[in-house]
Amino acid sequence: MTLVPLAIGFGLLVRINYLDYESPITYDRVDQITFENFRGLEFFKKSLYGNERFAYVVTSFESEIEEDSVKVQSLFHPSRSFVYNSHSNSTSLLRHEIYHFKITELFCRRAKEEIALKKQLSKKEIADIINKFEYREREFQKRYDYDTFHSYVFGEQKKYERKIDSLLNLLSKYEKPKVALNE
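What you see is a predicted model; the values in this text were computed from it and never measured.

Here's the deal with the overall build of the protein chain
The number of helices and strands found in the protein chain is 4 helices and 6 strands. Here the protein chain holds 183 residues, and the buried ones make up 41% of them. Long-range pairs, those at least 24 residues apart, make up 76% of the contacts in the protein chain between residues at least 6 apart in sequence. Per element, the accessible surface of the protein chain, about 10,900 Å² overall, is 54% carbon and sulfur.

As for the layout of surface pockets
Computed from the structure, the second largest pocket encloses a volume of approximately 180 Å³. Lining the second largest pocket are 13 residues, with Tyr-27, Asp-28, Glu-105, Glu-175 and Pro-177 positioned closest to its centre. Elements with a minimum of two residues in the lining of the second largest pocket: strand E4 (69-76) and helix H2 (91-117). A class-by-class count of the residues in the lining of the second largest pocket yields 4 nonpolar, 3 polar and 6 charged.

Points about H2
With 27 residues, H2 extends 38 Å from end C-alpha to end C-alpha; this agrees with the ideal 39 Å at 1.5 Å per step. For H2, a buried count of 21 out of 27 residues is recorded, marking the element as mostly surrounded by other parts of the structure.

A short note on the pairing of strand E3 (residues 59-65)
Relative to E4, E3 runs antiparallel, the two being bridged by 7 bridges. Bridge pairing in E4 links Ile-65 to Val-70. The hairpin formed by E3 and E4 contains 3 residues between the paired strands.

Describing the pattern of salt bridges
This model, assessed by the stated rule, comprises 9 salt bridges. A salt bridge links Glu-66 to Lys-178; its shortest N-O distance comes to 3.2 Å. Remark: Lys-178 occurs in strand E6 (residues 178-180) and Glu-66 occurs in the loop between E3 and E4; sequence separation between them is 112 residues. Overall, Lys-178 belongs to the partly exposed group, its relative accessible area being 48%.

Structural notes on the environment of Ile-33
Among the structural elements, Ile-33 can be located in the loop between strand E1 (25-26) and strand E2 (55-56). Exposure remark for Ile-33: the relative accessible area of 5% places this residue in the buried category. Considering only alpha carbons, one finds Ile-33 and Leu-94, 61 residues apart in sequence, at a separation of 8.8 Å.

Thresholds, definitions, all that
Residues numbered from 1 in each chain as written. Predicted model: local features only at pLDDT ≥ 70, side-chain atom pairs only at ≥ 80, totals over all residues. Heavy atoms only, no water. Helix = DSSP H or I, 4+ residues; strand = E, 2+ residues; numbered from the N terminus. Buried < 20%, exposed > 50% of the residue type's maximum accessible area, 1.4 Å probe, protein only. Contact = heavy atoms within 4.5 Å. Areas by Shrake-Rupley, 256 points an atom, 1.4 Å probe, with all protein chains shown as cover. 1 Å grid on protein atoms, 1.4 Å probe; cavity = no way out; pocket = protein on both sides within 12 Å on 5 of 7 lines; lining within 4 Å. Points joined across faces, edges and corners; volume = space filled by probe spheres on them. Nonpolar A, V, L, I, M, F, W, Y, C, P; charged D, E, K, R; others polar. Expected span 1.5 Å × (residues − 1). Pairing = 2+ DSSP bridges. Salt bridge = Lys/Arg side-chain N within 4 Å of Asp/Glu carboxyl O.

Here's what the structure looks like:
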């Protein structure tokens, strides 16, 4: 009987590092993120495709629907993100992981744009729009990792960086987390 609570506790500790917890970071602080922020625990993975220089990042959408506005923002989760060597000075690896966060922000902005352009949305319709862009974001994240081979294909990495930066600039109107609902 005591093994079940221990197993659950261990599972939670691995999923979210409560021992060295750091709150989620909003996109406006993206330029402040370093590998020191990657505090997640990983006991099982020792390499990725035979390379010990790897990391993974956990990002998400957070949304709050109010009467006259919707707050949608992207978050980076330090205590769920992991780098094999926290003292790594690989700027290309960190840059690749930061672009995962930028992708999440891009799809948050796309969701906010669609919400702002529609008239008279119900809470369910707003939630459906957010869910649609969360799904599209996950698909784009997979394609990004596949095409760049987790940052190892330099030319593809640079193409994605230019594309993502350009799209973020085009959607700069939706940089703030809150978007007013049309009446």
